[in-house]
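# Chains, contacts and geometry: an overview
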Amino acid sequence: MFATTGKDPAGKEPRIRGSTSAPTARVLDVVELLARSSNARLRFSDVVRELDLTQGTVHAILKTLCDRGWASRDPVTKTFTLGPALAVVAARMDNARPLAHAARAAALRLSRDVGYAGSVVERFGESLVVTAVEGDPATQPAGIPGDRIPYTPPFGVPFAAWDTDEEQREWIRRGAGNNIDRARRLEHVLARTRERGFDVDWTTPALAQAVQVVGTLDSNAMPTPVRHILDQLLVEFTTIGFLSDDNPGRRKQPVVTIAAPVFDARGHVTLMLAVHPLATLSARQIQLIGNKLVVETAAITEAQQHPGVVDLEERSAAANSAR
């Protein structure tokens, strides 16, 4: 499910109306880089190298961020980290984004219940963003909060499966191009996900990287036999991660992610809640985790449509005990 870098491999930013501001984007890139670095402290040269910016640009951005408290510079090690002013922003997040807060709490409950890391992923335009990762570090995926993932196969199935017909066709087109076989497989993936109520994915980081590499190659510039091989590889790469429970002959299969959607008051998928086993599971184990996910996502969805009816944790606990 997760890419290994913090940027959309296609280099695209989420679409909004009007033109974007390149200087603003560079400032945000620096803030996101500091956030992604977690406990690692970055030197000035690290920021220049990682973001491929000029020294003058990085110096001006870091000085401004430090002056405003959004970044801090250690005078001894001369390294940079996030600053205290961001704590004020973080303190308001729960009130400003109650849905994301509820999803994060659900991810933590699920992680404690099933023993695997949980995460929350939200969609912004043509990108998916990991906004929370909770639970056992041993099963946490490669993605960390702030990482961007392209909204294109094999990523974002729980969003696409309940998207509009037009958006589904566009999602499939981004992964299938003109390949009819690949498009049919992806249509089957979406239909199977809707039928089941959750997505099962064993697209490992290595497989996800292979998808991105093959997808950037210009097959039209290749000899015909090579072009056919590349097209078939892309068919397999973009769909193989979703075939885990379509093969009844396999007792167990390695599962990377099990994910379910959360709907807003209009019936649109607003985010997805996921569990990351990173382990070999039986069909029964997959179904049990999927059921728990659906209980949590249904509770969050219902709370948006009927706010104040009952506490989310109480509702999910009651539903789980009933099962």
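Residues numbered from 1 in each chain as written. Predicted model: local features only at pLDDT ≥ 70, side-chain atom pairs only at ≥ 80, totals over all residues. Heavy atoms only, no water.

## Brief notes about the overall build of the chain
- Assigned secondary structure in the chain consists of 12 helices and 11 strands.
- Per-residue burial over the chain gives 44% buried out of 323 residues.
- Long-range contacts, defined here as pairs at least 24 residues apart, represent 61% of the contacts in the chain between residues at least 6 apart.
- Accessible surface, the chain: about 17000 Å² in total, of which carbon and sulfur atoms supply 53%. (Helix = DSSP H or I, 4+ residues; strand = E, 2+ residues; numbered from the N terminus. Buried < 20%, exposed > 50% of the residue type's maximum accessible area, 1.4 Å probe, protein only. Contact = heavy atoms within 4.5 Å. Areas by Shrake-Rupley, 256 points an atom, 1.4 Å probe, with all protein chains shown as cover.)

## Looking at the confidence of the model for the chain
- Residues with a pLDDT of 70 or more make up 68% of the chain, whose mean pLDDT is 78.
- Here helix H12 (residues 312-322) is the element of the chain with the lowest mean pLDDT, 51, and helix H3 (residues 55-68) is the one with the highest, 95.
- Note that pLDDT drops below 50 for residues 3-16; the model gives that stretch 32 contacts with residues more than four away or on any other chain. (pLDDT = per-residue confidence, 0-100.)

## With respect to the pairing of strand S4 (residues 117-124)
- Most of S4 is tucked away: six of the eight residues are buried.
- The pairing of S4 with strand S10 (residues 269-276) spans six bridges and is antiparallel. Opposite Ser 119, over in S10, you have Ala 274 as the bridge partner.
- Taken together, the seven bridges between S4 and strand S5 (residues 127-134) define a ladder with antiparallel strand orientation. Residue Val 121 lies in a different strand from S5, and its bridge partner there is Val 130.
- Between S4 and S5, which follow one another and run antiparallel, lie two residues, and Gly 125 among them has a positive phi close to 65°. (Pairing = 2+ DSSP bridges.)

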